[in-house]
Amino acid sequence: VGLMTLLVIPRLFNSMTHVELKSAARQTMTLLHQARDMAYFQKKRIKVSLNLEKDEIQVFQYADKDYEPVNKLKYSYPDGIKLKQYKKKDKEVTQGEADIFFSPNGNSSGGMVTLNNDKKRIYTIEVDFITGNARILE
């Protein structure tokens, strides 16, 4: 029983951290889809701000020459999950903030958002610049 406990507990813990990372990746993808839909249906420019220092993502709506936060469209990543980087063509952001813009016609500024956990597992969410659609790459 002791030997089985030594073998099973670490695997169970690793599985839980993987599930938490996958859930965070899905939450990020959902938030990006919501931002795209808002831009299209409300005919307003939407900005998704990625804060790599605070490990959070927030949606802003363009209004009167400035961006205002959209209520309830903010996600802070759980402990152990980090916004690792944002990459767009030849631009790579690993600290500070990065923005993804969605326009009323459905397209976006595009790019790739990478999340990782303490176990160095990585998920990447790709945002297509033509369609504005987000998908998880494993």
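In the block above lies the structure referred to throughout.
Residues numbered from 1 in each chain as written. Predicted model: local features only at pLDDT ≥ 70, side-chain atom pairs only at ≥ 80, totals over all residues. Heavy atoms only, no water.

**Quick notes on the nonpolar core**
Point 1. Ranked by size, the top nonpolar core spans 31 residues in total, and within it Val48, Leu50, Val59, Ile100 and Phe102 carry the most contacts.
Point 2. Those elements that provide at least two residues to this core are α1 (2–42), β1 (46–51), β2 (56–63), β3 (66–76), β4 (81–88), β6 (97–102), β7 (111–117) and β8 (122–127).
Point 3. The element that contributes the greatest number of residues to this core is α1, accounting for eight residues.
Point 4. Beyond its immediate sequence surroundings of up to four residues, Val59 is in contact with Leu31, Ala35, Met38, Ile46, Lys47, Val48, Glu68, Pro69, Val70 and Leu73. (Core = buried A, V, L, I, M, F, W, Y, C linked by side-chain atoms within 4.5 Å. Buried < 20%, exposed > 50% of the residue type's maximum accessible area, 1.4 Å probe, protein only. Helix = DSSP H or I, 4+ residues; strand = E, 2+ residues; numbered from the N terminus. Contact = heavy atoms within 4.5 Å.)

**Points about the sheet that holds β1**
In a beta sheet, neighbouring strands are held together by backbone hydrogen bonds and run either parallel or antiparallel to one another.
Point 1. On the basis of which strands lie adjacent, the open sheet formed by four strands has the order β3-β2-β1-β6 and antiparallel pairing. Edge positions in the open sheet fall to β3 and β6, since each of these has one partner strand only. Strand-to-strand twist across the sheet, computed as the mean angle between neighbouring axes with direction ignored, equals 25°.
Point 2. Pairing of β1 with β2 involves six bridges; the strand directions are antiparallel. Of the residues in β2, the one forming a bridge with Leu50 is Ile57. (Pairing = 2+ DSSP bridges. Axes fitted to C-alpha atoms, helices over the stretch in contact; angles between N-to-C directions.)

**As for the pairing of β8**
Point 1. Of the pairings in the sheet, the one linking β7 to β8 comprises six bridges and is antiparallel in character. Pairing of Gly111 across the sheet is with Val127, part of β8.
Point 2. Linkage of β7 to β8, two consecutive antiparallel strands, is achieved through a turn of four residues, within which Lys120 is found at a positive phi near 65°.
Point 3. Note that β8 and strand β9 (residues 134–137) share four bridges and pair antiparallel. Looking at β9, one finds that Thr124 is bridged to Leu137.
Point 4. Between the end of β8 and the start of β9, which pair antiparallel, lie six residues, with Gly132 showing a positive phi angle near 75°.

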